[in-house]
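Here are the chains, one letter per residue:
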Amino acid sequence: MIYQDTFGFAQQQDEQDELKSFRDEFLFPQHNGHKVIYLCGNSLGLQPKSAGQYIKIQLDNWENFAVEGWFMGDDPWLSYHKALLPTLSGLLGANDREITVMNSLTVNLHLLMVSFYKPTNKRFKILMEAGAFPSDQYAVESQVRFHGFNPKEAIIEVTPRAGEVTLRTADIIAQIEDNADEIALVLFSGINYYTGQLFDMESIVKAGHKAGAMVGLDLAHAAGNVPLQLHNWGADFASWCSYKYMNSGPGGISGAFVHERHFANDKLNRFAGWWGYRRDKQFLMQPGFDPELGAQGWNVSTSPVVLMAMHKASLDIFEKAGGIVPLRKKGDLLTGYLEYLINNINQKQGEEVYRIITPKDQKDRGSQLSVVCKRDARAIFDYLAQNGIIGDWREPDVIRLSPVPLYNSFTDIYHAAEGLFKALGATNA
Ligand SMILES: Cc1ncc(COP(=O)(O)O)c(C=O)c1O
Ligand SMILES: Nc1c(O)cccc1C(=O)C[C@H](N)C(=O)O
């Protein structure tokens, strides 16, 4: 698309946008009587208007059926999760059996590492990206220690080249190959939370497997944001959260993927609970864990129905919107427009006051742009917030802005860029 730096252009794009009606399906915080410019779906997606109704139905079932709600009503709680799987598996590129909904992301990473990180004295290392989200770092360190290894020796972090911020696929692969005999697990994010870089997951999985390692993916910033093909790429496992691009509420239910090639492997460790038991025999209460076939065999505890209801409210919107492909198309246009307007500001200023560290190439990013503010970064962020433009702040000087195709418009992006421009004058940056 050829972008233009005028409000009229943004309005015209909104009029032509085939997905424009979905904006009305979400609730926006207000600022001076108007919707805020919300560019923070990379942290917490907006609430679907329907979420309250979806929850209310389950509260009514609880009121009317009480314990029998597990078996009665239009959507008995025992099988409620099944209604989520078709849309989720489409977003993740998996078959329904490879997907389950459970717990929160970090908990799931631990449960999956119990199964897929099986270090030996020779092959005990975990390779991950440097600067992964801290929770992933803590999880990996504690897993390594749990097995009696020293994180300093067992964790290999792939770092950007000197003077670069993002990683080159060739460097990731080279580091996997260089340590091929010692790596037990490659654990990479799909999109790095800080830079917004979308990794070449297919190549990473291939290289990890060639080295004889398991490969797991943290899709916190990728799920519901970019198209994924977990099954075809052959990832061993993955997890994600539903509260970012999947708009399923703060602390919303997470999910896990296990590739079907592992279903028949009864040698995998797993931390079991009755919610992972064979569904047809769960209530026979027999001794001896007999897992449900597929990813659901990794469930441990009773599924939180209210969280699943919030998840369903949002997934139904994805379904109506036609899934991830049209959404990514609009997401790319919005993100490209924001990039264009920020570059225009820099041009007008005669210097790069806002440095975008997210890759320029669409294939290497999703909806997030991470912007380093060269001067008065915190004051600029505060100015934006005071003027109803919501991104988020990451130390020491990064503002993350995420145009989400389901609810953001081109005029949102125009106003955000206008805010970035005015902030320079207001803060004397
Ligand atoms: C990449 C990544 N991993 C882990 C987490 C933590 O997830 P949770 O608090 O749901 O375990 C987040 C976000 O908070 C994240 O972005
Ligand atoms: N999960 C979060 C939370 O419980 C509180 C505040 C923020 C979050 C986030 O999701 C942060 C997010 N993962 C990030 O990329 O920074």
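Residues numbered from 1 in each chain as written. Chains lettered and ligands numbered in written order. Predicted model: local features only at pLDDT ≥ 70, side-chain atom pairs only at ≥ 80, totals over all residues. Heavy atoms only, no water.

Draft legend 1. Focus on the UniProt feature "modified residue: N6-(pyridoxal phosphate)lysine" (unreviewed entry) in the chain. What UniProt calls "modified residue: N6-(pyridoxal phosphate)lysine" (unreviewed entry) maps, in this numbering, to Lys244. One can find Lys244 in the loop between strand S11 (237-240) and strand S12 (255-258). Side-chain polar atoms of Lys244 contact the backbone oxygen of Asn42, separated by 3.3 Å. (UniProt positions renumbered as here; feature names shortened; annotations may be inferred. Helix = DSSP H or I, 4+ residues; strand = E, 2+ residues; numbered from the N terminus. Polar contact = N/O pair within 3.5 Å; in protein donor to acceptor, adjacent residues only side chain to side chain.)

Draft legend 2. The site of ligand 1, seen in detail. Taken together, Ser104, Leu105, Thr106, Phe133, Asp136, Asp218, Ala220, His221, Tyr243 and Lys244 make up all the residues around ligand 1. In this structure, Asp218 approaches ligand 1 through a side-chain N or O atom, which is 3.0 Å from a nitrogen atom. With respect to ligand 1, the side chain of Tyr243 contributes an N or O atom lying 2.7 Å from an oxygen atom. Contact with the protein chains covers 82% of the free accessible surface of ligand 1, which is 400 Å². Split by residue class, the shell around ligand 1 holds four nonpolar, three polar and three charged. (Near = heavy atom within 4 Å. Areas by Shrake-Rupley, 256 points an atom, 1.4 Å probe, with all protein chains shown as cover. Nonpolar A, V, L, I, M, F, W, Y, C, P; charged D, E, K, R; others polar.)

Draft legend 3. Expanded view of the domain arrangement of the chain. Structurally, the chain comprises domain 1 (7-35 + 324-428) and domain 2 (54-320). Taking only C-alpha atoms into account, the centre of domain 1 sits 30 Å from that of domain 2. Facing 27 residues of domain 1, the contacting portion of domain 2 comprises 21 residues. Summed over both sides, the interface of domain 1 with domain 2 buries roughly 2,000 Å², with 61% coming from carbon and sulfur. Three residues, Ile324, Ile357 and Gln368, lead the burial of domain 1 against domain 2; their summed loss comes to 26% of the area buried on that side. Our count for the contact surface shared by domain 1 and domain 2 stands at one salt bridge. Here Lys320 makes a salt bridge to Glu25, at a shortest N to O gap of 3.2 Å. Counting residues per element, the ones that place at least two in the side of domain 1 that touches domain 2 are helix H11 (324-349) and strand S17 (398-401). (Domains from an automatic or database assignment. Contact = heavy atoms within 4.5 Å. Buried area = accessible area lost by both parts, 1.4 Å probe. Salt bridge = Lys/Arg side-chain N within 4 Å of Asp/Glu carboxyl O.)

Draft legend 4. Representation of the layout of surface pockets within the structure. As a volume, the largest pocket reaches approximately 340 Å³. Around the largest pocket, the lining comprises 19 residues; the ones closest to its centre are Leu198, Phe199, Asp200, Lys363 and Asp364. Of the residues in the lining of the largest pocket, the class split is eight nonpolar, three polar and eight charged. The residue makeup of the lining of the largest pocket includes at least three contributed by each of domain 1 (7-35 + 324-428) and domain 2 (54-320). (1 Å grid on protein atoms, 1.4 Å probe; cavity = no way out; pocket = protein on both sides within 12 Å on 5 of 7 lines; lining within 4 Å. Points joined across faces, edges and corners; volume = space filled by probe spheres on them.)

Draft legend 5. Broad picture of the pattern of salt bridges. Applying the stated criterion across every chain yields a total of 23 salt bridges. Put simply, Glu164 and Arg168 hold a salt bridge, and the shortest N to O gap is 2.4 Å. Here Glu164 falls in the partly exposed class, since its relative accessible area comes to 30%. Its salt-bridge partner being Glu351, residue Arg375 comes within 2.8 Å of it at the nearest N-O pair. A residue pair is termed long-range when its members are at least 10 positions apart, and Arg375 in the loop between strand S14 (369-373) and helix H12 (377-386) and Glu351 in the loop between H11 and strand S13 (354-356) qualify at 24 residues. Glu351 gets classed as partly exposed once you look at its relative accessible area, which sits at 41%. Where salt bridges share partners, they join Arg278, Asp280 and Asp290 into one cluster. (Buried < 20%, exposed > 50% of the residue type's maximum accessible area, 1.4 Å probe, protein only.)

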